[in-house]
Amino acid sequence: MNTPIIVCRNLKKTYGNRQRKNEVIHGISLELEKGTFYSMIGKSGSGKTTLLYLLSGLLKADGGEILLEGKNLEQMTEAELERIRRKKIGFVFQDYQLLPELTVRENILLPQILDGQDLDEEWSSQILEKLGLTSLADRFPDELSGGEQQRTAIGRAIVNRPDILFADEPTGNLDNKTSEEVLDFLLSVHREYRPAILLVTHDLDLARSAEVVLHIADGRLLEPGKAGGEQ
Ligand SMILES: Nc1ncnc2c1ncn2[C@@H]1O[C@H](COP(=O)(O)OP(=O)(O)O)[C@@H](O)[C@H]1O
Ligand SMILES: [Mg+2]
């Protein structure tokens, strides 16, 4: 067994206030190994985005614990967590979250700009090329289609070669051909430097390209082999 990059135990998350509580993650335990490509499928509202936010430290859990390379996220200061997120974790948001005043190239390089690192222009040019964004590099997000914005968000998530990449329905707004290109890009990134990847998708074909397929329903992970409807 490989070393885990992320372990979570009995993770719980409730939204709402004292009057109206809605528990959406009901005690999930999970180990993600370094270098493994996972996919996760589940219906809309089953808790996929919430689980990704919890695992990447963007949202605080109400119960349970999360270890990133053995270190408990709870015990980190905000500054430490932010630094680790920038260095080790890549996140493709379902709604992109690009900065409107930055170009495509600048959005992709943003994690390096924020980190005060030397900018890796060669790698970012490769990313632009592989994502079919070279000719759009100097455009602003509001001059792009949804699919182009989504590809920019993928580029930004990968620019620091994170140890783990979370991608929340990164092909949700893409046509079949572009979806395949995005999947090929993720597979090539995976081959190139072996990050762990957790790809959330509705698309069963896409999900099957991963080494391990996780199923989530109503805030619980299904045991392998017990997934409803799976062959
Ligand atoms: N910020 C929030 N406040 C209250 N409820 C939320 C919030 N975000 C998500 N939910 C609810 O939590 C459940 C899981 O949502 P989500 O994690 O977005 O699921 P998925 O990504 O699988 O569609 C849904 O019922 C959703 O309405
Ligand atoms: Mg979602």
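Residues numbered from 1 in each chain as written. Chains lettered and ligands numbered in written order. Predicted model: local features only at pLDDT ≥ 70, side-chain atom pairs only at ≥ 80, totals over all residues. Heavy atoms only, no water.

### Some details on the sheet that holds strand E1 (residues 4-16)
The sheet built from 4 strands is open, its strands ordered E2-E1-E4-E5 with antiparallel pairing. Taken across any chain shown, the strands that pair with only one partner, and hence form the sheet edges, are strand E2 (21-33) and strand E5 (71-72). Summarising the sheet, E1 and strand E4 (residues 63-68) pair through 5 bridges and their orientation is antiparallel. Opposite isoleucine 6, over in E4, you have leucine 68 as the bridge partner. Packing of helix H1 (residues 48-55) onto the sheet brings it into contact with E1, E2 and E4, and relative to E1 it is tilted by some 125°. (Pairing = 2+ DSSP bridges. Helix = DSSP H or I, 4+ residues; strand = E, 2+ residues; numbered from the N terminus. Contact = heavy atoms within 4.5 Å. Axes fitted to C-alpha atoms, helices over the stretch in contact; angles between N-to-C directions.)

### What about the coordination of the magnesium ion (ligand 2)?
Protein ligation of the magnesium ion (ligand 2) involves Thr49 (OG1) and Gln94 (OE1), the donor distances falling in the range 2.0 to 2.5 Å. Here the residue threonine 49 occupies a position in helix H1, and glutamine 94 occupies one in the loop between strand E6 (89-92) and helix H3 (104-115), the gap between them amounting to 45 residues. With a relative accessible area of 28%, threonine 49 lands in the partly exposed category. (Donors = N, O, S within 2.8 Å, 3.2 Å for Na, K, Ca; no water. Buried < 20%, exposed > 50% of the residue type's maximum accessible area, 1.4 Å probe, protein only.)

### Focus: the pattern of salt bridges
Oppositely charged side chains can form a pair if their charged atoms are brought close together. Summed over all chains, the structure comprises 13 salt bridges. Ionic pairing is found between glutamate 181 and lysine 177, a salt bridge with its closest N-O pair at 3.0 Å. In this pair, glutamate 181 and lysine 177 are both assigned in helix H6 (residues 176-193), 4 residues apart and thus about one turn of the helix distant. (Salt bridge = Lys/Arg side-chain N within 4 Å of Asp/Glu carboxyl O.)

### A closer look at the sheet that holds E6
Reading across the sheet, the 6 strands line up as E6-E7-E8-E3-E9-E10 and stay open at both edges, with mixed pairing between neighbours. The open sheet terminates on both sides in strands that have one partner only, identified here as E6 and strand E10 (220-221). Relative to the sheet, helix H2 (residues 78-88) contacts E6 and strand E7 (164-168), its axis offset from that of E6 by approximately 75°.

### Some thoughts on the site of ligand 1
Around ligand 1 sit Tyr15, Val24, Lys43, Ser44, Gly45, Ser46, Gly47, Lys48, Thr49 and Thr50, and those are all the residues in its vicinity. Contact between ligand 1 and serine 46: an oxygen atom at 3.2 Å from a main-chain N or O atom of the residue. Backbone polar atom of glycine 47 to an oxygen atom of ligand 1: 3.1 Å apart, as the coordinates give it. Compared with its free state, where it exposes 560 Å², ligand 1 has 58% of that area covered by protein. Of the residues assigned to the shell around ligand 1, the class counts are 2 nonpolar, 6 polar and 2 charged. (Near = heavy atom within 4 Å. Polar contact = N/O pair within 3.5 Å; in protein donor to acceptor, adjacent residues only side chain to side chain. Areas by Shrake-Rupley, 256 points an atom, 1.4 Å probe, with all protein chains shown as cover. Nonpolar A, V, L, I, M, F, W, Y, C, P; charged D, E, K, R; others polar.)

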